[in-house]
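# Descriptive analysis of the structure
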Amino acid sequence: LQVDLWQPSSPFHIIEGTVTDVRVSQNTTRSLLPYLQQANIPYTILIPDLQKAIENQTGLRSYRNRRSLSEYNYEVYHSLEEIQDWMHHLNRTHSDLVHMFSVGKSYEGRPLYVLKLGKRSRPYKKAVWIDCGIHAREWIGPAFCQWFVKEALQTYQTDPAMRKMLTQLYFYIMPVFNVDGYHFSWTNDRFWRKTRSKNTRFHCHGVDANRNWKVKWCDEGASFHPCDDTYCGPFPESEPEVKAVAHFLRKHRKQIKAYLSFHAYAQMLLYPYSYKYATIPNFNCVESAAYNAVNALQSAYGVRYRYGPASSTLYVSSGSSMDWAYKNGIPYAFAFELRDTGHFGFLLPETLIKPTCTETMLAVKNITLHLLKKCH
């Protein structure tokens with residue numbers, strides 16, 4: 001019996017005693033359920049009609065809502081075109097705090113836009129890098145990046161903490177890292193994860209942009225096979241998106257003090273290392289920042305995030321952006337795994353965008369304010 005694996009990314013990750021999500025057609029369901037009952041395998045139907053749930057998110061029902069830049073709706077998911085229009089709009093209308101630029105082009109030739117956010121108060125300022133949407137199907141990531149910018153611009157005048165952040169720091173925000181993959185997840189396959197580069201030998205598209213960094217590249221937790229979801233690519237930084245961001249981070253490594261990457265799903269706050277079980281040199285400072293951040297996050301709706309080194313808290317993976325950032329001298333490197341823990345998974349409903357972003361905002365502000373204090 002063949003099933004289309006949703007998460008984890010390949011059958012080799014199915015281990016006895018673990019929970020596995022699968023996505024099956026209606027016809028398969030009729031034959032699968034009796035088999036599971038007969039084999040005494042416990043199961044739960046999470047989403048009875050997955051196709052309908054997908055259409056609810058990508059459908060045209062709120063297209064006009066989404067398009068209006070003056071009344072931009074931050075509580076719906078936006079297509080790549082809409083997000084880029086929104087970025088251009090902010091660049092024009094908030095030039096005192098926002099500067100938009102491109103770090104390069106994607107495999108399919110799309111610009112890789114970044115917003116530089118902050119008060120031009122002095123020539124040199126420390127900075128925080130934030131990226132969302134390395135994995136195409138994790139739509140709540142780009143939604144959070146947009147939410148962060150909205151909150152920064154709306155509360156700059158009234159919130160002393162935000163004013164301090166934007167006065168003392170710059171924020172480099174990349175709402176959609178994997179632009180080609182994200183576009184493809186809107187037009188062709190809602191559960192697409194990788195980039196869209198071509199592999200002529202295997203006729204498979206894409207590389208996992210979070211396994212393509214030059215840090216223990218293609219070791220444990222990554223695959224050499226081009227058709228796998230965790231394919232590390234033919235060589236480190238083979239993907240133009242990864243290469244462009246790595247080049248920018250290298251160039252600004254003395255200025256950038258924190259790297260924050262937003263993923264889904266698991267409700268975790270992770271820090272290095274991903275590729276090995278070992279304690280980072282500045283563990284006390286990073287651990288204390290993570291502890292305070294998850295407590296701040298929990299204060300909003302009572303949602304508790306697990307936190308710790310990625311290898312022991314989630315799983316071992318090599319070639320990740322977070323490990324690379326840390327190894328390249330960025331002392332605070334974190335990866336957020338946003339809501340939920342598997343009921344909706346990558347199809348987190350739009351009604352949960354606001355609570356997810358509200359609580360995450362508290363954690364990010366907490367980490368940022370931690371940076372501004374000296375930690376020994």
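On a predicted model such as this, the values are computed, not experimentally measured, just so you know.

### Description of the domain arrangement of the chain
- Here the chain is partitioned into domain 1 (4–45) and domain 2 (80–189 + 215–372).
- Between the C-alpha centres of domain 1 and domain 2 the distance comes to 32 Å.

### Let's talk about the UniProt feature "active site" (unreviewed entry) in the chain
- In the UniProt entry, the feature "active site" (unreviewed entry) is given for Glu337.
- Topologically, Glu337 is positioned in strand 12 (residues 332–338).
- For Glu337, a relative accessible area of 11% corresponds to the buried category.
- Discounting chain neighbours no more than four positions away, the residues touching Glu337 are His263, Ala264, Tyr265, Ala266, Gln267, Met268, Leu270, Tyr305 and Leu314.
- At 3.4 Å, the side chain of Glu337 forms a polar contact with the backbone nitrogen of Ala264.

### A word on empty space enclosed by the protein
- Summed over the entire model, instances satisfying the criterion amount to 1 cavity of 30 Å³ or more.
- Of the volumes computed, that of the largest cavity is approximately 50 Å³.
- Leu80, Ile83, Gln84, Met87, Pro111, Leu112, Tyr113, Pro175, Val176 and Val179 are the residues that line the largest cavity.
- Mapped by element, the contributors of at least two residues to the lining of the largest cavity are helix 4 (80–93) and strand 4 (111–117).
- The biggest single contributor to the lining of the largest cavity is helix 4, with 4 residues.
- Residue classes in the lining of the largest cavity are distributed as 9 nonpolar, 1 polar and no charged.

### Concerning the nonpolar core
- Grouped together as the largest cluster of nonpolar side chains are 108 residues, with contacts concentrated most on Leu117, Trp129, Ile130, Phe148, Phe171 and Phe334.
- In terms of residues, this core owes the most to one element, helix 5 (residues 140–155), which gives 9 residues.

### Some points on the packing of helix 5 against helix 12 (residues 353–371)
- Two numbers describe how helix 5 lies on helix 12: the axes approach to 9 Å, and their chain directions differ by 65°. As for how helix 5 packs across helix 12, the hand of that crossing is right-handed. Residues Ile140, Ala143, Phe144, Trp147, Phe148 and Glu151 of helix 5 form the contact with helix 12, whose own contacting residues are Ile353, Lys354, Thr356, Cys357, Thr358, Thr360, Met361 and Val364.
- Each residue belonging to the contact of helix 5 with helix 12 can be placed in one class, and the counts come to 9 nonpolar, 3 polar and 2 charged.

What counts and what doesn't
- Residues numbered from 1 in each chain as written.
- Predicted model: local features only at pLDDT ≥ 70, side-chain atom pairs only at ≥ 80, totals over all residues.
- Heavy atoms only, no water.
- Domains from an automatic or database assignment.
- UniProt positions renumbered as here; feature names shortened; annotations may be inferred.
- Helix = DSSP H or I, 4+ residues; strand = E, 2+ residues; numbered from the N terminus.
- Buried < 20%, exposed > 50% of the residue type's maximum accessible area, 1.4 Å probe, protein only.
- Contact = heavy atoms within 4.5 Å.
- Polar contact = N/O pair within 3.5 Å; in protein donor to acceptor, adjacent residues only side chain to side chain.
- 1 Å grid on protein atoms, 1.4 Å probe; cavity = no way out; pocket = protein on both sides within 12 Å on 5 of 7 lines; lining within 4 Å.
- Points joined across faces, edges and corners; volume = space filled by probe spheres on them.
- Nonpolar A, V, L, I, M, F, W, Y, C, P; charged D, E, K, R; others polar.
- Core = buried A, V, L, I, M, F, W, Y, C linked by side-chain atoms within 4.5 Å.
- Axes fitted to C-alpha atoms, helices over the stretch in contact; angles between N-to-C directions.
- Left-handed = near helix turned anticlockwise from the far one by under 90°.

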